[in-house]
Amino acid sequence: MSGENQPEPKAPPYKLAGLSGRSRTSVFDLGRGISLGGREFIVMAGPCSVEADPQMLDTAREVKAAGAHLLRGGAFKPRSSPYSFQGLAEEGLKMLAKARELTGLAVVTEVMDSAEIDLVEAYADVLQVGSRNAQNFSLLKRLGRIRKPVLLKRGLMNTVEEFLGSAEYILAGGNEKVILCERGIRTFEPSTRNTLDISAVLAVKELSHLPVIVDPSHASGRASFVPPLAKAALAVGADGLMIEVHCRPEAALCDGDESLDPAQFKNLMAELAALAPHFGRSLSTTPPEAVKTVSL
Ligand code: PEP
Ligand code: MN
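Read on for a plain summary of the structure.

## What to know about the overall build of the protein
Piece 1. Scanning the protein from terminus to terminus reveals nine helices and 10 strands.
Piece 2. Scaling as 2.2 N^0.38, a compact globule of 296 residues should have a C-alpha radius of gyration of about 19 Å, and the protein matches this with 19 Å.
Piece 3. With the principal axes as the frame, the protein shows a C-alpha extent of 80 × 45 × 40 Å.
Piece 4. Restricting to contacts in the protein with at least 6 residues of sequence separation, those with at least 24 account for 71%.

Here it is in structure tokens:
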């Protein structure tokens, strides 16, 4: 019979992540009244990993004072070596929650394993999927069933289409709050830790309504490259940034070389705030609430 042996029509690879008639970036709440995808340029900042007090609280206070919207910090760390610092697990999540309580900053932190989703969700405002897990489809499916936003990092070797395919797994489960994060891809170029694919922001915007942020810290691996790349992200139309900041980068347990110190972060925020209106964005460096004094 005619048509019997016809191949199935090719399903669109990202029905929900795609624009599908929408012309604008989706705007959604990240907790604590912070909305991503609109005019406000959103900055997430903090140490690579949560370390023992007072590092976390000191850094949280500094990034808040500089105008960051969210605090980042890993309690579960995906390290290349099993002998490297693996993170403080639940103890680290508790420190993040304490920092949130004291500063008012919403918290974004990584979940590495499906078995830890409930635990991380109990403490975080936004759950991060790291590059190494960007195609862990069972983890992505499980994150489709939660209602908190998921920050999905681009896999080290993923094309933009594969990146959107990963986002689709989360959306297909019913979770509409997916943030895409371009954090550099692996290329033949050794002068930076990864190669920041700045055009990926444009490519994603052409194909998807999901908000996109840029992580210039993991993209470059070099603190001195972070401010210019952050400005490039603003200029190219990203909706925000994720930046590593540490009170004492030289003593950081993870990724000190790419971490800004508080003074460098403050300068960068002032530059971004001045530039933002030129790119149709706003960024205020005055924190909405006063920073409470941190007592340990
Ligand atoms: C991180 O943000 O802490 C991290 C490990 O990043 P990535 O997954 O992009 O390497
Ligand atoms: Mn890091």
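Next, the rest of the story.
## Overview of the sheet that holds strand β3 (residues 42-46)
Piece 1. Read around the closed barrel, eight strands run β3-β4-β5-β6-β7-β8-β9-β10, paired in parallel fashion. On average, each strand axis in the sheet is tilted by 25° relative to the strand beside it, whichever way the strands run.
Piece 2. Sitting on the sheet, helix α2 (residues 89-103) is in contact with β4 (70-72) and β5 (106-110), with an inclination near 160° to β5.
Piece 3. Sheet contacts for helix α5 (residues 160-172): β7 (150-153) and β8 (178-182); angle to β8, the most-contacted strand, approximately 160°.

## Brief notes about the nonpolar core
Piece 1. Ranked by size, the top nonpolar core spans 69 residues in total, and within it L71, L143, L180, I243 and F265 carry the most contacts.
Piece 2. Among all residues touching L143, those that are not within four sequence positions of it are V111, I117, L127, V129, V150, I170 and N175.
Piece 3. Counting 15 residues, the second largest nonpolar core, distinct from the first, contains I34, L36, L70 and I213.

## Details of the packing of helix α1 (residues 55-66) against α2
Piece 1. α2 packs onto α1 with a crossing angle of 40° between their chain directions and a minimal axis gap of 10 Å. The pairing of α1 with α2 is recorded here as oblique in orientation. α2 is crossed by α1, and the crossing has right-handed handedness. Contacts from M56, L57, A60, R61 and K64 of α1 reach α2 at M95, L96, K98, A99, L102 and T103.
Piece 2. Residue composition of the contact of α1 with α2, grouped by class: seven nonpolar, one polar and three charged.

## Some thoughts on the side chain of K153
Piece 1. Assignment of secondary structure puts K153 in strand β7.
Piece 2. A polar contact is formed between the side chain of K153 and the side chain of D215, at a distance of 2.6 Å.
Piece 3. In contact with K153, other than residues within four places in its own chain, are R72, Q128, V129, G130, S131, A134, F163, C181, R183, D215, H218 and M242.

## Some remarks on the coordination of the manganese ion (ligand 2)
Piece 1. Within the protein, the manganese ion (ligand 2) binds to C48 (SG), H218 (NE2), E244 (OE) and D255 (OD); these donor distances fall in the range 2.0 to 2.3 Å.
Piece 2. For the manganese ion (ligand 2), the donor residues sit on a single chain with the sequence spacing C-x169-H-x25-E-x10-D. Here C48 is found in the loop between β3 and α1, whereas its partner E244 is found in strand β10 (residues 240-244), with 196 residues between them in sequence. With respect to class, C48 is no different from E244; both count as buried.

Parameters at a glance
- All residue numbers here refer to positions counted from 1 along the written sequence of the relevant chain.
- Note on labels: chains are lettered from A, ligands numbered from 1, in written order.
- At least 70 in pLDDT is required for a residue's local features to be given in this predicted model, at least 80 for side-chain atom pairs to be given and counted, and no such filter applies to totals for whole chains, interfaces and linings, which use all residues.
- Only hydrogens and water are removed before side-chain values are computed, so all heavy atoms of the structure are retained for them.
- Runs of H or I in DSSP of at least four residues are treated as helices and runs of E of at least two as strands, each being numbered from the N terminus.
- Put simply, the radius of gyration uses C-alpha atoms, and a globule should come to 2.2 Å times the residue count raised to 0.38.
- The contact criterion used throughout is that any non-hydrogen atoms of two residues lie within 4.5 Å.
- At least two DSSP bridges between two strands are needed for those strands to be called paired.
- Angles here are taken between N-to-C directions and fall from 0 to 180 degrees, while the axes themselves are lines fitted to C-alpha atoms, restricted in helices to the stretch in contact.
- The term nonpolar core refers to a set of buried residues drawn from Ala, Val, Leu, Ile, Met, Phe, Trp, Tyr and Cys, joined through side-chain atoms within 4.5 Å.
- Each residue is placed in one exposure class: buried if its accessible area under a 1.4 Å probe, protein chains only, is under 20% of its type's maximum, exposed if it is over 50%, and partly exposed if it falls in between.
- Angular relationships are summarised with four words: roughly parallel below 35 degrees, roughly antiparallel beyond 145, roughly perpendicular across 65 to 115, and oblique for the angles in between.
- Each helix crossing is assigned a hand: it is left-handed if the near helix lies turned anticlockwise from the far helix by less than a right angle, otherwise right-handed if that turn is clockwise.
- Residue polarity is assigned by list, with Asp, Glu, Lys and Arg as charged and Ala, Val, Leu, Ile, Met, Phe, Trp, Tyr, Cys and Pro as nonpolar; anything else, Gly included, falls into the polar class.
- N or O atoms closer than or at 3.5 Å make up a polar contact, with two conditions inside protein: a donor-capable atom paired with an acceptor-capable one, and, for residues adjacent in sequence, both atoms drawn from side chains.
- Here a donor is an N, O or S atom found within 2.8 Å of the metal, or within 3.2 Å if the metal is Na, K or Ca; sites may look incomplete because water is not among the atoms.

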